[in-house]
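A closer look at the structure
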Amino acid sequence: MNYENISIERENGIAVITINRPTKLNALNKATIEELHKAFKSENEDRSIKVIIITGSGDKAFVAGADISEFANFSIKEGGRLAAQGQEMLFDFVQNLETPVIAAVNGFALGGGLELAMSAHFRIASDNAKMGLPEVSLGVIPGYGGTQRLPQLIGKGRAMEMIMTAGMIDAPTALSYGLVNHVVPQAELLDLAKNIATKITKNSSVAIGKAIQSVNAGFEEGVNGYHTEIRAFGECFGTEDFKEGTTAFLEKRKAAFPGK
Ligand code: COA
């Protein structure tokens, strides 16, 4: 598939999706959100891809937010639709993928950029990264899940302060808040993401998909995460991956998971 705003590289079961609008600090316009949806969907459906890394091009920004120029004149109805469509097409979609998604935050992750990073299953950052939800400085609120995912990740009080001040936190602060798992110099960021991804590729992709589903269930309204876990745990016993994983252990060899 040909993309205008993103590029994809695949190697050893890992797909790296790079948002490629550096002159606009990789801001998420409608076309980019649509392309990202297609890319995440097709990489998730590709059985050979075990992990997806999402990052931004250039050395300045991961994503500097939703593209402000596209929604500056929107009505109430259009604003609501923008948030609803974006959440469904990209942010909820990424969060609920069975394939693990790592956000490699290589610079500014603001507004929709931080919301995209927060939709990923976990985040690592370069030491120049800056993160924030500046929406209230524009007279709007985070609309791509930021008011929900930021408190889940760093706690309500810290999230409230970040949202109300519209300020940015640096990478060490993000690390201390638990918003990112690791901080490294920018030149080492993708290598670290790929090293972590490689460890993940060695494990059962079926089990990982079920683990993601079970963790997410605990944050869904009206869903009992423990019940989801029990069901998913049981389902694992019917998979070829489970047979291979337990057999390999008993035979004292490394498992070669079929991913089924
Ligand atoms: N939407 C649209 N365009 C954006 C953008 C966004 N969210 N963020 C940056 N850009 C564009 C700028 O308009 C500029 O384009 P131009 O060269 O055609 O004028 C280009 O990207 C470079 O940005 P610039 O502001 O010149 O870089 P800077 O280094 O001075 O500042 C930021 C960097 C990230 C602090 C600043 O770009 C910024 O505050 N961006 C908006 C962040 C935001 O509010 N995001 C939430 C949106 S809901």
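By the naming in an unreviewed UniProt entry, the protein goes by Enoyl-CoA hydratase and is assigned to Flavobacterium supellecticarium. Its UniProt record gives the protein the following Sequence similarities (unreviewed entry) comment, quoted word for word: "Belongs to the enoyl-CoA hydratase/isomerase family."

Quick look at the site of the ligand now. Of all residues adjacent to the ligand, which total 14 residues, the nearest are Lys 24, Lys 60, Ala 64, Ala 66 and Ile 68. In the environment of the ligand, an oxygen atom lies 2.5 Å from a nitrogen or oxygen atom belonging to the side chain of Lys 60. Within the backbone of Ala 66, a nitrogen or oxygen atom sits 2.9 Å from a nitrogen atom of the ligand. In isolation the ligand offers 870 Å² of accessible surface; the protein chains occlude 60% of this area. Residue composition of the shell around the ligand, by class: 9 nonpolar, 1 polar and 4 charged.

Sheet architecture is open: 4 strands sit in the order S4-S6-S8-S9, paired in mixed fashion. The sheet is open, and its two edges are formed by strand S4 (61-63) and strand S9 (168-170), each paired on a single side. Each adjacent strand pair in this sheet contributes to an overall mean axis angle of 20°, direction not counted. When S4 meets strand S6 (residues 108-110), the two strands line up parallel, connected through 2 bridges. Bridge pairing in S6 places Val 63 opposite Ala 109.

Glancing now at the side chain of Ser 204. Among the secondary structure elements, Ser 204 is positioned in the loop between helix H8 (189-201) and helix H9 (205-217). For Ser 204, a relative accessible area of 10% corresponds to the buried category. Reaching out from Ser 204, the side chain makes a polar contact with the side chain of Asp 241 at a distance of 2.6 Å. Excluding its chain neighbours within four sequence positions, the residues that come into contact with Ser 204 are Asp 241 and Phe 257.

Right, let's get into the environment of Arg 81. On the secondary structure map, Arg 81 appears in helix H3 (residues 76-95). By relative accessible area, Arg 81 is classed as partly exposed at 42%. Each C-alpha atom, one on Arg 81 and one on Leu 28, is 16 Å from the other, the two residues being 53 residues apart in sequence.

One non-glycine residue, Leu 25, lies in positive phi territory at about 50°. Looking at the secondary structure, you find Leu 25 in the loop between strand S2 (14-19) and helix H1 (30-45). Overall, the relative accessible area of 26% leaves Leu 25 in the partly exposed class. Of note, Lys 252 is a non-glycine position whose phi angle comes to about 55°, a positive value. Assignment of secondary structure puts Lys 252 in the segment after helix H11 (240-250).

Below, the discussion takes up the pairing of strand S3 (residues 51-56). Taking burial as the measure, the 6 residues of S3 include 6 buried ones, the bulk of the element. Here S3 shows no split at all, with Val 51, Ile 53 and Thr 55 on one side and Ile 52, Ile 54 and Gly 56 on the other all buried. Taken together, the 6 bridges between S2 and S3 define a ladder with parallel strand orientation. Looking at S3, one finds that Val 16 is bridged to Ile 53. Remark: the S2/H1/S3 crossover connection has right-handed handedness. Sheet topology note: the S3/strand S5 (residues 101-105) ladder contains 4 bridges and is parallel. What sits directly across from Ile 52, in S5, is Val 101.

This paragraph deals with the domain arrangement of the protein. For the protein, the domain assignment lists domain 1 (6-201) and domain 2 (205-250). At the interface, 10 residues of domain 1 touch 6 residues of domain 2. Interface area for domain 1 against domain 2, summed over the two sides, is near 580 Å², with a carbon-plus-sulfur share of 61%. Counting across the domain 1 and domain 2 interface gives 0 salt bridges. At the boundary of domain 1 and domain 2, one finds 2 residue pairs in polar contact (both at pLDDT 80 or more). The residue inventory of the side of domain 1 that touches domain 2, partitioned by class, reads 3 nonpolar, 5 polar and 2 charged.

About the thresholds
Residues numbered from 1 in each chain as written. Predicted model: local features only at pLDDT ≥ 70, side-chain atom pairs only at ≥ 80, totals over all residues. Heavy atoms only, no water. UniProt positions renumbered as here; feature names shortened; annotations may be inferred. Near = heavy atom within 4 Å. Polar contact = N/O pair within 3.5 Å; in protein donor to acceptor, adjacent residues only side chain to side chain. Areas by Shrake-Rupley, 256 points an atom, 1.4 Å probe, with all protein chains shown as cover. Nonpolar A, V, L, I, M, F, W, Y, C, P; charged D, E, K, R; others polar. Pairing = 2+ DSSP bridges. Helix = DSSP H or I, 4+ residues; strand = E, 2+ residues; numbered from the N terminus. Axes fitted to C-alpha atoms, helices over the stretch in contact; angles between N-to-C directions. Buried < 20%, exposed > 50% of the residue type's maximum accessible area, 1.4 Å probe, protein only. Contact = heavy atoms within 4.5 Å. Right-handed = clockwise from strand over helix to strand, strands pointing away. Domains from an automatic or database assignment. Buried area = accessible area lost by both parts, 1.4 Å probe. Salt bridge = Lys/Arg side-chain N within 4 Å of Asp/Glu carboxyl O.

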